[in-house]
Amino acid sequence: MKDRKRIFSGIKPTGDLTLGSYIGAIKNWVDLQNDFMCLYCIVDMHSITIRNDPEVLHRRIREQLAQYIAAGLDYKKNIVYIQSHVHQHAELSWILGCYSMMGELNRMTQFKDMQKKHPQNLNAGIYTYPVLMAADILLFDTDVVPVGEDQKQHVELARNIAQRFNGIYGNIFTMPEPFIPKVGARVRSLTDPTSKMSKSDDDTQGSIFIMDSPDVIVKKFKRAKTDSDSLIKFDPENKPGVSNLMDIYSAAAGKSYDEIESEFVGKGYGDFKTRVAEAVIEKLRPIREKSLELLKDEETLVSIYRDGAERASEMAEKTLVKVTDAIGFLRK
Ligand code: TYM
């Protein structure tokens, strides 16, 4: 029996964490962590669908862990861990792959995008990645999956797989619901507000990284794309750049769009960008400083991820046994 409803979410270490990762994911994870039993994962197995320099990947995994903790994730009350330390992810993923249809994987928009972006490395992992994500979620009887808008389709696939499996074997999996934040579900690139701010974008000027210094943040916001009138108004269709900055400001300063519009009546984009930059710097400063401190404390980092993996693995094993029993495998 569960005493609290469960949350599972993760970020893949394919790039340094951005303001998009923070506003779209981590900030909400912190807000939700007192009402749910939460598992927050560094999904390193997801990151190898693209080629990484091993040293860089290693650094990013450690940094991501430090940033999770520095942002306020409570690793004692909840569970923070690294996916590859819990072998049940890979095992359930294989099983669920046999209950996933190629037609539904073909429809994943992220797969279609990757087909265009990386035609020279279209490996099978890119294709089956949403199945591993379904395994991540279903391993823990997850009720709620907080994600940005781009991941909603993958959570829906997890539901379809669970429904299919339950249809055959009875009530094995809990049905997960996606939870998409009202503000900041899709933070956009500062240089191209038609695309999302991404960890792995080649144009680093479009992304604010959690570890960026205040000087760099100010410079990036100064260069952010706006438009030719100088009206600060929330209108994503006609004013995508300004609306994106308003979204960021709203998430960083806790203000509504109306409050922001009133604050900048009669003021220009220069003032507006300076205020957005200041709010973001204040939000990220403690996370950056605490992360740098934690990264010097190897013993604490290791004890956090080992303890997390142990507890997650214990929970995951229970689901895996239920699943393998249902299928008809023989217990060891
Ligand atoms: P990933 O690593 O691309 O992104 C991690 C989370 O951050 C959100 N996000 C954003 N939200 C708003 N604006 C942005 N610009 C932005 N960029 C990223 C994403 O929506 C996501 O919530 N497949 C997942 C990782 C994953 C996962 C899972 C998530 C693996 N297993 C199980 C939830 C549950 C991914 O690639 O996220």
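Parameters and conventions
- Residues numbered from 1 in each chain as written.
- Predicted model: local features only at pLDDT ≥ 70, side-chain atom pairs only at ≥ 80, totals over all residues.
- Heavy atoms only, no water.
- Salt bridge = Lys/Arg side-chain N within 4 Å of Asp/Glu carboxyl O.
- Helix = DSSP H or I, 4+ residues; strand = E, 2+ residues; numbered from the N terminus.
- Buried < 20%, exposed > 50% of the residue type's maximum accessible area, 1.4 Å probe, protein only.
- Near = heavy atom within 4 Å.
- Polar contact = N/O pair within 3.5 Å; in protein donor to acceptor, adjacent residues only side chain to side chain.
- Areas by Shrake-Rupley, 256 points an atom, 1.4 Å probe, with all protein chains shown as cover.
- Nonpolar A, V, L, I, M, F, W, Y, C, P; charged D, E, K, R; others polar.

Just checking my understanding: could you explain the pattern of salt bridges for this structure?
Between side chains of opposite charge, a pair can form when the charged atoms approach closely. Taken as a whole, this structure holds 16 salt bridges when the rule is applied. Note that Arg59 is salt-bridged to Asp16, the shortest N-O span being 3.4 Å. Here the residue Arg59 occupies a position in helix α3 (residues 54-70), and Asp16 occupies one in the loop between β1 (6-11) and α1 (19-32), the gap between them amounting to 43 residues. Put simply, Arg62 and Glu298 hold a salt bridge, and the shortest N to O gap is 2.6 Å. Of this pair, Arg62 sits in helix α3 while Glu298 is found in helix α13 (residues 298-327), placing the two residues 236 residues apart along the sequence. Overall, Arg62 belongs to the partly exposed group, its relative accessible area being 26%. Judged by relative accessible area, which is 38%, Glu298 ranks as partly exposed. In this structure, a network of salt bridges that share partners links the residues Asp16, Arg59, Arg60 and Glu63.

Looking at this structure, how should I read the site of the ligand?
Close contacts around the ligand come from 26 residues, with Lys12, Tyr129, Asp136, Asp150 and Lys199 the closest. Lys12 is positioned with one of its side-chain polar atoms (N or O) 2.7 Å from an oxygen atom of the ligand. Between the ligand and the protein, one listed contact pairs an oxygen atom with a side-chain N or O atom of Asp150 at 2.5 Å. Here the ligand loses 98% of its free accessible area of 710 Å² to cover by the protein chains. Of all elements in the fold, only β1, α1 and α7 (124-138) reach the threshold of two or more residues within the shell around the ligand. Here the shell around the ligand is built from residues that sort into 12 nonpolar, 8 polar and 6 charged.

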